[in-house]
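An overview of the molecular structure
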Amino acid sequence: MTLDYTVVIPTTGRDSLAVLLSAVDSGTGPRPAEVIVVDDRPGGPPLSLPHAVRVLRTGGRGPAAARNTGWRAARTEWVAFLDDDVVVPGTWAEDLAADLDVGPRVGASQARIHVPVGPRPTDDERGTAGLATARWITADMAYRRSVLSEVDGFDERFPRAFREDTDLALRVLAAGYELRRGERRTTHPAAHGDFLASVRRQAGNADNALMRHKHGPGWRHHAAAGPGMLGRHALTTVSAAAAVVLAGPRRTRPLAGAAAALWAALTGSFAWHRIQPGPRTRPEITRMLVTSALIPPAAVAHRLAGELRVRRAGTRRAGPAAVLFDRDDTLIADVPYLDDPEQVRPVPGAADVLHRLRAAGIAVGIVSNQSGVARGLISPEQLAAVNARVESLLGPFDTWQVCVHGDTDGCRCRKPAPGLVHRAAAALDVDPRDCVVIGDTGADVDAAEAAGARGILVPTARTLPDEVRRAGLVATTLTEAVELAIAGTEEATT
C-alpha cells in the first residue's frame, strides 16, 4: 500500500533519537517522503544525524512550537509525530499505512502505547504508564496535514509536553473530524526522574487553567482526563496556611491545632496513596513523604499563576505587529557581498510597501545574513555604510538584525535558524507569532517557521524550485507579499 506521509520528531537531543531514526529507516512498509527532526534545544552544536534527515531548529520554544515547525515544513497528506524516546517495531510503517487507510473525515490516528513497568512501579514509572491509556498523545500520533492547517496546529501557549496534544484533539473533534486509535504498537520507556521531579510536574496545572479557558469547565469530561486533585490540594494548602497564621494568638491556637491535624491527615493520606502501589523501598518512601508535602502548594501556586496569565492575556491583533524583510533580492537588488553604498538599488515597489506598512502602524525590520564579514569580503564599516544607504533610500527601519557569521560557525542567529527573528521580535517587544517574514529563499521561510512567525516567499531567479514547493505562502511580487501579510490570509499564489 502507498502512503503519502512525513515523520516529524521533536527532540531535545536524547541519545535514543539515533535508535528511533534507524528503526524508521530500516523498517518494512512504505517509506516516508521525508523525516524532519526539529531540534528544540536552546542552543548547542548541530545534531549529528543521517544525511537523509532534515533538521530544523526552534531554539527551545517547547514541543508545541517544535511540532508546528515540523508539520508546516511538510508537504504530504499525513504527518506522523513521534517522540524522540519511543521505540517502534520494524513493521511500524506497514502498520501505520494500515491504520491510515481511512475515510476523509478521520483526521488523526493514535498508536497503542506500551510502557514496560514491573509489578510494583515507582511513582515516576506510574506517571509514564498513564500514557498507555491516555487519549490523543503525540508520542505516536498521525494527523492529516490539511486538518492541522484548518485548526492552526498546536497552541504554542502550552510551553511543555502537557495538554497541548489534548487541546489540539478537542479542536479537531470540534471541527467535525474523527480521531481513531489504530492497531500499530509503540513502546514508550518509563521515566526515571530525580528527587523533586514530581513537584516540578505540577507546573502542568497552569496549562489546566488555559484548557478551562479554551474549552470550558467541562473540558476534563470531554478529554477523559479524570477529576484531578486540585480541590484536595487546595484544601491541604489552606489548612497548612491556617495552621501557621492561627498559631500566633493564644486564643486561636486550638484552631491552629485543628488545621494542622487536618493538614497532617490529608498529607498522610496522599503520601500513602502514592507509597502503597510502589516498591516501598526506603528511598522511595522518603521521596513520597517529602514530595507529598510539597506537591499541594506547588499545584495551587501554578494553577493560580495560570489563571492570572489567562486573564491578563489580551486578544491578539488580527494583522501582524511587524513585518520583517530579508535585505538582498527582497528590498534591494542583489549584489554579491555588496560593499559599496552607491550600488544600493531598491527593488520595484519597495518604498511604496514600506510606506504603507508604516502608515498602518505596523513595525518594519530587516533580518539579514551577511556572511561576507566572516569571510573577510566585507568590513563591518562597509556593511554599516551599505545599511545606512538602504535607510536613506527606503526610510527608517524599527529594527536591524544582521548575522555576520559563516555557514560553519554554528551560530543560532544565521537563517534558517530562528535567532534573527527572535531578536527582532524582542527588540520590537512583540510576540514572534505576530510577525511576518518576507524573503526570497527557503532559509527565510524556515527561519520564520522555526520562530513561530509566518513566512512569505517572493521567488527570484536565484530561488530554488524545491524552496518554492516547500513554502506555504508564495507571492509573485513584493507588493503582493505585503498584501498577504496585512490580510493575514493563508491563501497564496503558487
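See above for the structure.
This text gives an overview of the structure that appears in the document. These numbers come from a predicted model, not from an experiment.

As a further point, take helix H11 (residues 253-275). For H11, spanning 23 residues, the distance from its first C-alpha to its last is 32 Å, which sits close to the expected 33 Å at 1.5 Å a residue. Within H11, burial applies to Ala256, Ala259, Leu266, Thr267, Phe270, Ala271, Arg274 and Ile275. In this structure, the buried residues of H11 make contact with helix H4 (123-129), helix H7 (197-200), helix H10 (230-246) and helix H12 (282-312).

Within the element layout of this structure, Val79 appears in strand S4 (residues 78-82). Ignoring sequence-local partners within four residues, the contact set of Val79 consists of Thr6, Val8, Trp71, Ala74, Met141, Ala142, Tyr143, Arg145 and Leu148.

Let us look at the packing of H11 against H12. Running from N to C, H11 and H12 point in directions that differ by 130 degrees, and their axes come no closer than 9 Å. Accordingly, the angle class assigned to the pair H11 and H12 is oblique. Handedness of the H11/H12 crossing: right-handed. For the pair H11 and H12, the contacting residues are Trp263, Thr267, Phe270, Ala271, Arg274 and Ile275 in the first and Ile285, Met288, Leu289, Thr291, Ser292, Ala293, Ile295 and Pro296 in the second. Its residues placed into classes, the contact of H11 with H12 shows 10 nonpolar, three polar and one charged.

Turning our attention to the pairing of strand S3 (residues 53-57). Taking burial as the measure, the five residues of S3 include four buried ones, the bulk of the element. Where strand S2 (residues 34-39) meets S3, five bridges bridge the pair, whose relative direction is parallel. When the sheet's bridge partners are listed, Asp39 is paired in S3 with Arg57.

With the rule as written, the count across this model stands at three aromatic pairs. Arranged with centres 5.5 Å apart and planes meeting at 85 degrees, the rings of Phe81 and Phe154 form a pair that is edge-to-face. One end of the pair, Phe81, is in strand S4; the other, Phe154, is in the loop between helix H5 (145-151) and helix H6 (164-174), and 73 residues separate them in sequence. Phe81 gets classed as buried once you look at its relative accessible area, which sits at 0%.

Once that is clear, we can look at the sheet that holds strand S6 (residues 140-144). If you walk across this open sheet you meet the seven strands as S3-S2-S1-S4-S6-S5-S7, and the pairing is mixed. Two strands in the sheet have a free side with no partner beyond their single neighbour: S3 and strand S7 (178-187). Going from strand to strand, the sheet's axes swing by 20 degrees on average, the running direction of each strand aside. The sheet contact formed by strand S5 (residues 106-114) and S7 spans seven bridges and is parallel. In the strand pairing of S7, Ala108 is matched with Leu179.

Cut-offs used in this document
- Residues numbered from 1 in each chain as written.
- Predicted model: local features only at pLDDT ≥ 70, side-chain atom pairs only at ≥ 80, totals over all residues.
- Heavy atoms only, no water.
- Helix = DSSP H or I, 4+ residues; strand = E, 2+ residues; numbered from the N terminus.
- Expected span 1.5 Å × (residues − 1).
- Buried < 20%, exposed > 50% of the residue type's maximum accessible area, 1.4 Å probe, protein only.
- Contact = heavy atoms within 4.5 Å.
- Axes fitted to C-alpha atoms, helices over the stretch in contact; angles between N-to-C directions.
- Parallel < 35°, antiparallel > 145°, perpendicular 65-115°, else oblique.
- Left-handed = near helix turned anticlockwise from the far one by under 90°.
- Nonpolar A, V, L, I, M, F, W, Y, C, P; charged D, E, K, R; others polar.
- Pairing = 2+ DSSP bridges.
- Phe/Tyr/Trp six-rings, centres within 6.5 Å; stacked < 30°, edge-to-face > 60°.

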